[in-house]
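Each chain, written out:
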Amino acid sequence: MKSTHLSLIAGAAVLAAVTGFATVTAPGAPAESAAKSAALLPVERAGLVCPAPSNSDLAETQYTAFTPAGEGGEAKGAAELKPALPIVDDEDETDPKKAKKAEEAAEKAKAKAEKPVLAVKEPGKPVVAEANGSSAPALVGTATGKLAPGWAAQQTTEVSAGGSRGLLGVSCTAPDTDFWFPGASTAKSRQDYIHLTNPDDTGAVADIELYGPEGALKSDVGDGITVPARSSVAVLLSTLTSEAVDQLTAHVTTRSGRIGAVVMSADDSAGSDWITASEDPSGTLVMPGIPADATSVQLVAFAPGEDDADVKVQLMGKNATFSPAGNATLHIKSSMTAAVDLKDLTRGEPGSLRLSPVRKDRATPIVAALRVVRGKGDKQEIAYIPATGPVGARATVPDNRAKGSTLSLTAPGATAKVKVTASAGSGGGEPAVETYTVKAGTTLAVTPKAPEGLKGSYALTVETTSGGPVHASRSLALASDGVQMFTVQTLPDDRGMVEVPSARQDLSVLDD
């Protein structure tokens, strides 16, 4: 007689620790009791993808990866980012010599892709790598064991001249199947590319829909875009439609597989930066960290459902929350992009924008982002701030420098306290910890305390210790030829911990 003892609860614990999701309730057990008995455990596996940094030969890119110190999974672990595979299209090649060369080049690229660009060896210490020019690849990677909870990566690119001039920063993202990008454009003055990166060993198929102020834009080529395994595809938005629209919303979904998606936006007169996806559609949204010296702020919002949305527009400033003059509310028609110029609404003080329903009983889900400009004339520089979720238990942003980093914290509800940890530097230095109180309805902008004896760059980890919720972003600034170049990254919860239901009943199978 062979006996196989299978514990469904134990299986659920493994599933949750690896994927971040599990729900198991024994037959007859109320859901509430299962929730009450849930335990928090660190994830044991995490994935990230980073887009190809730039198409400019002048680009100088720094990659940074980091896992915060704290509770981890297994005693061992790995966290590596490797180059994505180049796309080779030689199916129609009839010349045997050319076909053989293409095959050899593909084999070399595959071998190169097995060598990590970044490999985190221990929690609490960042690692960095550099790449110059337009040939720097997209990256894909996985973290396991003790290096998985909170694993984060950032790529920061400086382009000193040309159409892509600017400081471009983007947090590498977890792969998903659905993305919203308010603030994208097909205007003649813009060059906006959606980068689609597939981390898996099987191909993915994606669709791109565009929505302007009058609704969906006509497009015959945005459907069924193939993203080969472990590869990245860049799609110029203006090639998807004949309509030139200044401010629109791009929606990316997958028919099969999963991808990372982000938009590289270049403006002829105002520089370039990345547009990351908005928080999932929600009735209330927060966009944290508008710089105090912003010369122009434009809000772009979209209502993806069947209902129109009426929202209150409020700035959470240094000392209070108020509505911008003449823009206290915004009407967003269903499936149409709404844009409003808020000009220099911060007026010399840092702030964060909150959108909330005019009527609480009609909280229509929306997505939104801000296009922020610093400087004037030929000294302008842009960055984007998408709506983002709260810090939650913990959030991290790598690649902070000795100068130029500003952390913005806002508490749209109750007053909150947060702990901010500056990690050791990539080349040396001791961690530093500070605690801040963020008053309800305000934005607190601080210059983080850098690690003692800092060498290289460091990571910032923000933890909510009481009150809240708290939304946060980090601005990184770098002056170049009289232009105050900058980029802004938001800090949503890193989801390094997941709820795993405790065992209430052992469900076993006996196989005779």
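Numbers given for residues are sequential positions, taken from 1 along each chain in its written order. Only residues with pLDDT of at least 70 are given local features in this predicted model, and only at 80 or more are side-chain atom pairs given and counted; all residues enter the totals for whole chains, interfaces and linings. Note that the side-chain values use all heavy atoms of the structure and ignore hydrogens as well as water.

Draft legend 1. Focus on the state of the cysteines. The definition used for a disulfide is geometric: two cysteine sulfur atoms within 2.5 Å. With the rule as written, the count across this model stands at one disulfide. The side chain of Cys50 participates in a disulfide bridge whose partner is Cys172; the two sulfur atoms lie 2.1 Å from each other. Handedness here is read from the sign of the S-S torsion; for Cys50 and Cys172, about 110°, the answer is right-handed. One end of the pair, Cys50, is in strand E2 (residues 45–50); the other, Cys172, is in the loop between strand E9 (166–171) and strand E10 (178–184), with 122 residues separating them in the sequence. With a 1.4 Å probe rolled over the protein chains alone, any residue whose accessible area is under 20% of its type maximum counts as buried; one over 50% counts as exposed, and the rest are partly exposed. A relative accessible area of 1% places Cys50 in the buried class. What makes Cys172 buried here is its relative accessible area of 9%. Per the convention used, a helix needs a DSSP run of H or I reaching at least four residues, while a strand needs a run of E reaching at least two, with both numbered from the N terminus.

Draft legend 2. A look at the environment of Pro86. Among the structural elements, Pro86 can be located in the loop between strand E4 (79–83) and helix H3 (96–113). Residue classification places Pro86 among the partly exposed positions, given a relative accessible area of 47%. For Pro86 and Ala113, which are 27 residues apart along the polypeptide, the C-alpha to C-alpha distance reads 9.3 Å.

Draft legend 3. Structural view of the layout of surface pockets. Put simply, the grid is 1 Å and covers the protein atoms alone, a cavity is a trapped set of points that fit a 1.4 Å probe, a pocket is an open set with protein on both sides within 12 Å along at least five of seven lines, and lining residues have an atom within 4 Å of a point. Grid points are joined across faces, edges and corners, and a volume is the space filled by probe spheres set on the points. When its volume is computed, the second largest pocket comes out at roughly 420 Å³. Forming the boundary of the second largest pocket are 22 residues, of which Ala52, Ser135, Ala136, Pro137 and Ala138 lie nearest the centre. Breaking the lining of the second largest pocket down by element, the ones donating at least two residues are H3, strand E11 (190–197) and strand E15 (232–236). As a working rule, the residues Ala, Val, Leu, Ile, Met, Phe, Trp, Tyr, Cys and Pro are called nonpolar, Asp, Glu, Lys and Arg charged, and the rest polar, with Gly in that last group. Residue classes in the lining of the second largest pocket are distributed as 15 nonpolar, six polar and one charged.

Draft legend 4. Examining the pairing of strand E25 (residues 351–357) more closely. In terms of burial, E25 is a largely internal element, seven of the seven residues being buried. Burial along E25 is two-sided: Gly351, Leu353, Leu355 and Pro357 facing one way and Ser352, Arg354 and Ser356 facing the other are all buried. Only strands joined by at least two bridges in the DSSP assignment are considered to pair. With four bridges connecting them, strand E19 (residues 285–290) and E25 associate as antiparallel partners. Residue pairing in the sheet places Leu285 in a bridge with Leu355 of E25. Where strand E21 (residues 309–316) meets E25, six bridges bridge the pair, whose relative direction is antiparallel. Within E25, the residue paired with Gln314 across the bridge is Arg354.

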